Amino acid sequence: MDQLDADAIKRATQTQLLGQEIDVQGEVDSTSAALLRRAQAGALEGTVVIADSQTAGHGRLGKLWISPPGVNLYLSVLLKPPFHIREAHVLTLLGSLAVADTIEAHGVTAQVKWPNDVLVAGKKIAGVLSEVEAADGHIGHLILGIGVNLNLERHSIDSLLGTEAARATSLQEVLGHVIDRNVFAGMLLEKLEARYLAFQAKGRQPLLTEWRKRSFLGSRVTVRVEGIAKDIDEEGCLLVTLDDGSTIRVREGEVLPLPRARELQSR
Ligand code: BTN
């Protein structure tokens, strides 16, 4: 089992902005929560928190991100992009592309799935979660949290992920050998920085074009939205108010009651 080590990560990367400060933790509640505490204490852009394990790792929609020790990557990066809050989504896409780049640098084809998943051979290998603090519509800071299944073996995937196991994989399962977590983390920071600087220099279009190429556009999907059922309109469509306050109009679909909080805890 490799030990996470800030110097080893730095040796594997050549970044100017990301990872100048790397805080390596053993067990932490969540690398993103730990980084938020540092951000509130004035941490610089590019600060990284990486942990061996998380006790309260979280993903989208309040789901638990299962984070056993010694095997995976749990890493959060502090960004302070000079952008409007509406760019936050694009930064999540950017994060998933950088993970896909890093996996491809290991010789494995990776795809992205909206909004924040990275897949290999149709199975989820990584997830990205952006958490934003904004003022006056502008991003104050954005914490990009990244979880990658690196060295989880099939029997662990099966026992830890339950019903989700068949739709999940790890890089070790695909490649058949152990992945060095420090090297992967260093490469990821490099890919992330390259995409982040390109986004700032050239705007969102090249990034969106790239994302489209690496994704499943064209395939049939089910889209799930969650919010408050407010009303029906004159055409009989359901009006749903989302958590961000906006209201959408649903013409086709199926309405399910919200799962109870305990059920949300399982991935
Ligand atoms: C998802 O697929 O829903 C996103 C999962 C993001 C998990 C990572 S692990 C590192 C960071 N810390 C967290 O608590 N979450 C992110």
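Computed from a prediction, not measured in an experiment: that's the story for all the values here.

Cut-off values and rules
- Along each chain, residues carry numbers from 1 onward, in the same order as the chain's sequence is written.
- Whole-chain, interface and lining totals are the exception, using all residues; otherwise, since this is a predicted model, local features are given only for residues with pLDDT of at least 70 and side-chain atom pairs are given and counted only at 80 or more.
- Derived side-chain values reflect all non-hydrogen atoms in the structure, with water molecules and hydrogen atoms excluded from consideration.
- Among the buried residues, those of types Ala, Val, Leu, Ile, Met, Phe, Trp, Tyr and Cys that are joined through side-chain atoms within 4.5 Å form a nonpolar core.
- Three exposure classes are used, based on accessible area relative to the maximum for each residue type with a 1.4 Å probe and protein chains only: buried under 20%, partly exposed in between, and exposed over 50%.
- Going along the chain from the N terminus, every DSSP run of H or I of four or more residues is numbered as a helix, and every run of E of two or more is numbered as a strand.
- In this analysis, two residues are considered to be in contact whenever any of their non-hydrogen atoms come within 4.5 Å of each other.
- By convention in these notes, a salt bridge is any Lys or Arg side-chain nitrogen within 4 Å of a carboxyl oxygen on Asp or Glu.
- Domain extents, as shown, originate in an automatic or database domain assignment.
- A fitted line through C-alpha atoms represents every axis, and for helices the fit uses only the stretch in contact; the resulting angles, taken between N-to-C directions, go from 0 to 180 degrees.
- Between 65 and 115 degrees an angle is taken as roughly perpendicular, under 35 as roughly parallel, over 145 as roughly antiparallel, and anywhere else as oblique.
- A crossing counts as left-handed when the near helix is turned anticlockwise from the far one by less than a right angle, and as right-handed when that turn is clockwise.
- Side-chain classes follow a simple rule in which Ala, Val, Leu, Ile, Met, Phe, Trp, Tyr, Cys and Pro form the nonpolar group, Asp, Glu, Lys and Arg form the charged group, and the remainder, Gly included, forms the polar group.
- Here a residue counts as near a molecule or strand whenever at least one of its heavy atoms sits within 4 Å of it.
- Side-chain atoms alone can form a polar contact between residues adjacent in sequence; in general such a contact is a pair of N or O atoms within 3.5 Å, and within protein one must be able to donate a hydrogen while the other accepts it.

Draft legend 1. Spotlight on the nonpolar core. Judged by nonpolar contacts, the single largest core of 48 residues is most densely connected at Leu73, Leu75, Val99 and Ile103. Of all the elements, helix H3 (residues 88-105) adds the most residues to this core, at 10 residues. When near neighbours in sequence (up to four residues on either side) are disregarded, Val99 contacts Val118, Ala126, Val128, Ile146, Val148 and Leu188. Grouped together as the second largest cluster of nonpolar side chains are 9 residues, Ala39, Ala43, Ala51 and Leu78 included.

Draft legend 2. Examining the pattern of salt bridges more closely. One pass over the structure, following the stated rule, counts 20 salt bridges. One salt bridge in this structure joins Arg214 and Glu104, with 3.9 Å as the shortest N-O distance. Taken together, the residues span a long stretch of sequence, with Arg214 in the loop between helix H7 (205-213) and strand E8 (227-232) and Glu104 in helix H3 at a distance of 110 residues. Judged by its relative accessible area of 12%, Arg214 is buried. In this structure Glu104 comes out as partly exposed when scored by relative accessible area, which is 32%. Linking Glu210 and Lys213 is a salt bridge whose minimum nitrogen-to-oxygen distance equals 3.9 Å.

Draft legend 3. Spatial organisation of the domain arrangement of the protein chain. The domain architecture assigned to the protein chain consists of domain 1 (6-213) and domain 2 (220-266). Distance from the C-alpha centre of domain 1 to the C-alpha centre of domain 2: 28 Å.

Draft legend 4. Representation of the packing of H3 against helix H6 (residues 181-202) within the structure. Between H3 and H6, whose axes approach to 8 Å, the crossing angle comes to 135°. By the criterion of interaxial angle, the relationship of H3 to H6 is oblique. In the packing of H3 onto H6, the handedness of the crossing is right-handed. On H6, the residues touching Val90, Leu91, Leu94, Gly95, Leu97, Ala98, Val99, Asp101, Thr102, Ile103 and Ala105 of H3 are Phe184, Met187, Leu188, Lys191, Leu192, Arg195, Tyr196 and Phe199. Taken together, the residues of the contact of H3 with H6 sort by class into 14 nonpolar, 2 polar and 3 charged.

Draft legend 5. Fine view of the site of the ligand. In the vicinity of the ligand, 21 residues are found, and the nearest of them are Ser30, Gln54, His58, Arg60 and Lys124. Contact distances for the ligand include 2.7 Å between a nitrogen atom and a backbone N or O atom of His58. In this structure, an oxygen atom belonging to the ligand sits 2.8 Å away from a main-chain N or O atom of Arg60. Counting residues per element, the ones that place at least two in the shell around the ligand are helix H2 (31-40), strand E3 (73-79), strand E6 (123-135) and strand E7 (138-148).

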